[in-house]
Amino acid sequence: QELITLIQQYLNTADKPRTDGVDTVLLMMKPSALPGLCALLGDLQHAAHQGLVANVLVELAKDTPEVVVKHLLDRRPTFVRNLLGIITRWNNPKLAEGVEKILRYPDPLIKREAIRTLAGLKPSGSAAKLIPLLNDADEGVRLATLKPLLNGHYTATFALWEPIVNADNFNDRDPAEKRNIFHAMRVTAGDEAVPYWTTLLTEWGWTNRKKREDLALLAIDALGKLGTPAALAALDTGSKKGTTALKEACVTAMAGTGRHQRTA
């Protein structure tokens, strides 16, 4: 521990400190030094020195990763980002649970990094932990969340999507974001989302008619790409009950789906 303290003081205070051999010294340390090495990583001020210690931890802590994982709740973003980098390099799915605990981290950059790390460790399974992040105030966090959800490996019930798409302000989102959310819903929930989209095509009031129609057109796009019998039945319903623009869009989508199925 004394040696680690000396190294920390030297690297942080010396003018142009030399790092030759520092990693060799650190790699010779016993497992009991791991907590001290984690503390060293958190206390170092320069990125190059942090990278050196992170490389050492990748080697020394791979058999006892919990020593690193428990520091993820630290409130220093740079430290946590370095820890996530180490965990990413280990690529051990068992560490996903530890990463899930910081999906609500105060710093949006760390949240994005945590989402990417989690998607690498657990690239399939339930999307229950990811979907609520689509309500995050930071657009970058929402985009980072959509990326793994669109890859087709996660599953979700429509009940998980309901708080997102039935929120009063859902229609205020950017059109591209709404489209991506519908497609993420398509690949994760499939036919479970069809009744919701059918409602968009058939239930009309006089309030926000234009916005409602725009949302319905996005629903038609998702239904066309889903292409299941239930999706086609919804499009058929829309072709009879929607507005003129929606009827035409439903017919076009059905024709496109039929063509796609013939060539598939």
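Trainee: What's the story with the nonpolar core in this structure? I'm lost.
Mentor: It is characteristic of soluble globular proteins that their nonpolar side chains tend to be buried jointly. Core analysis: the largest hydrophobic core is formed by 83 residues, its most contacted members being Leu-26, Trp-161, Phe-182, Tyr-196 and Trp-197. It is helix 13 (residues 209-226) that provides the largest number of residues to this core, a total of eight residues. Discounting residues that sit within four places of it in the chain, Trp-161 has contacts with Ile-131, Leu-134, Leu-149, Ala-156, Ile-181, Ala-184, Met-185, Thr-188 and Ala-189.

Trainee: What's the story with the pattern of salt bridges in this structure? I'm lost.
Mentor: Per the stated rule, a full pass over the model turns up 15 salt bridges. Across the pair Lys-62 and Glu-59 runs a salt bridge, and its minimum N-O distance is 3.4 Å. When its relative accessible area of 44% is taken as the criterion, Glu-59 is described as partly exposed. Between Glu-177 and Arg-173 there is a salt bridge, and its shortest N-O distance comes to 2.9 Å. Put simply, Asp-43, Asp-74 and Arg-76 are held in one network by salt bridges that share partners.

Trainee: How should the packing of aromatic side chains be read in this particular structure?
Mentor: Aromatic ring pairs are defined here through the distance separating the ring centres and the angle between the ring planes. For the structure on display, the rule yields four aromatic pairs. Seen in terms of ring centroids, Phe-158 and Tyr-196 are 5.6 Å apart; in terms of plane orientation they differ by 35°. Their pairing is tilted. Residue Phe-158 is located in helix 10 (residues 158-165), and its partner Tyr-196 is located in helix 12 (residues 194-202); the two are separated by 38 residues in the primary sequence. For the pair Phe-158 and Tyr-196, one class covers both residues: buried. Every member of this aromatic cluster is reached through a ring pair, and the members are Phe-158, Phe-170, Phe-182, Tyr-196 and Trp-197. Sitting over the face of the ring of Tyr-105, Arg-75 holds its NZ or CZ atom 5.2 Å from the ring centroid.

Trainee: How should the side chain of His-183 be read in this particular structure?
Mentor: As for its placement among the helices and strands, His-183 is situated in helix 11 (residues 175-189). With residues near it in sequence (within four places) discarded, His-183 still touches Leu-150, Asp-221, Ala-222 and Lys-225.

Trainee: Quick question: what am I supposed to make of the environment of Phe-79 here?
Mentor: Within the fold, Phe-79 resides in helix 6 (residues 77-90). We classify Phe-79 as buried; its relative accessible area is 3%. Leave out the neighbours within four places in its chain, and Phe-79 touches Cys-38, Leu-41, Gly-42, His-71 and Asp-74.

Trainee: Got a minute to help me understand the packing of helix 10 against helix 11 in this structure?
Mentor: How two helices pack is summed up by the angle between their axes together with the distance between the axes. In contact at an axis separation of 10 Å, helix 10 and helix 11 are set at 170° when each is read in the N-to-C sense. With respect to each other, helix 10 and helix 11 are oriented roughly antiparallel. Residues Phe-158, Trp-161, Ile-164 and Val-165 of helix 10 lie in contact with helix 11, whose contacting residues are Ile-181, Phe-182, Ala-184, Met-185, Thr-188 and Ala-189. Across the contact of helix 10 with helix 11, the residue classes break down as nine nonpolar, one polar and no charged.

Trainee: Looking at this structure, how should I read the packing of helix 9 (residues 139-149) against helix 11?
Mentor: Orientation of helix 9 relative to helix 11, taken along the N-to-C sense of each, is 30°, at an axis distance of 9 Å. In terms of orientation, helix 9 and helix 11 fall into the roughly parallel class. Between helix 9 and helix 11 lies a crossing of left-handed hand. Two secondary-structure elements touch here, helix 9 through Arg-142, Leu-146 and Leu-149 and helix 11 through Glu-177, Asn-180, Ile-181, Ala-184, Val-187 and Thr-188. Residue classes in the contact of helix 9 with helix 11 are distributed as five nonpolar, two polar and two charged.

Trainee: What is the right way to read the side chain of Ser-239 from this model?
Mentor: Summarising the element assignment, Ser-239 is placed in helix 14 (residues 229-241). What makes Ser-239 buried here is its relative accessible area of 17%. Here Asp-236 takes part through its backbone oxygen, which lies 2.5 Å from a polar atom of the side chain of Ser-239. Once residues lying within four places of it in the same chain are set aside, the contact partners of Ser-239 are Lys-247, Cys-250, Val-251 and Met-254.

Thresholds applied
- Residues numbered from 1 in each chain as written.
- Predicted model: local features only at pLDDT ≥ 70, side-chain atom pairs only at ≥ 80, totals over all residues.
- Heavy atoms only, no water.
- Core = buried A, V, L, I, M, F, W, Y, C linked by side-chain atoms within 4.5 Å.
- Buried < 20%, exposed > 50% of the residue type's maximum accessible area, 1.4 Å probe, protein only.
- Helix = DSSP H or I, 4+ residues; strand = E, 2+ residues; numbered from the N terminus.
- Contact = heavy atoms within 4.5 Å.
- Salt bridge = Lys/Arg side-chain N within 4 Å of Asp/Glu carboxyl O.
- Phe/Tyr/Trp six-rings, centres within 6.5 Å; stacked < 30°, edge-to-face > 60°.
- Lys NZ or Arg CZ within 6 Å of the ring centre and 35° of its normal.
- Axes fitted to C-alpha atoms, helices over the stretch in contact; angles between N-to-C directions.
- Parallel < 35°, antiparallel > 145°, perpendicular 65-115°, else oblique.
- Nonpolar A, V, L, I, M, F, W, Y, C, P; charged D, E, K, R; others polar.
- Left-handed = near helix turned anticlockwise from the far one by under 90°.
- Polar contact = N/O pair within 3.5 Å; in protein donor to acceptor, adjacent residues only side chain to side chain.

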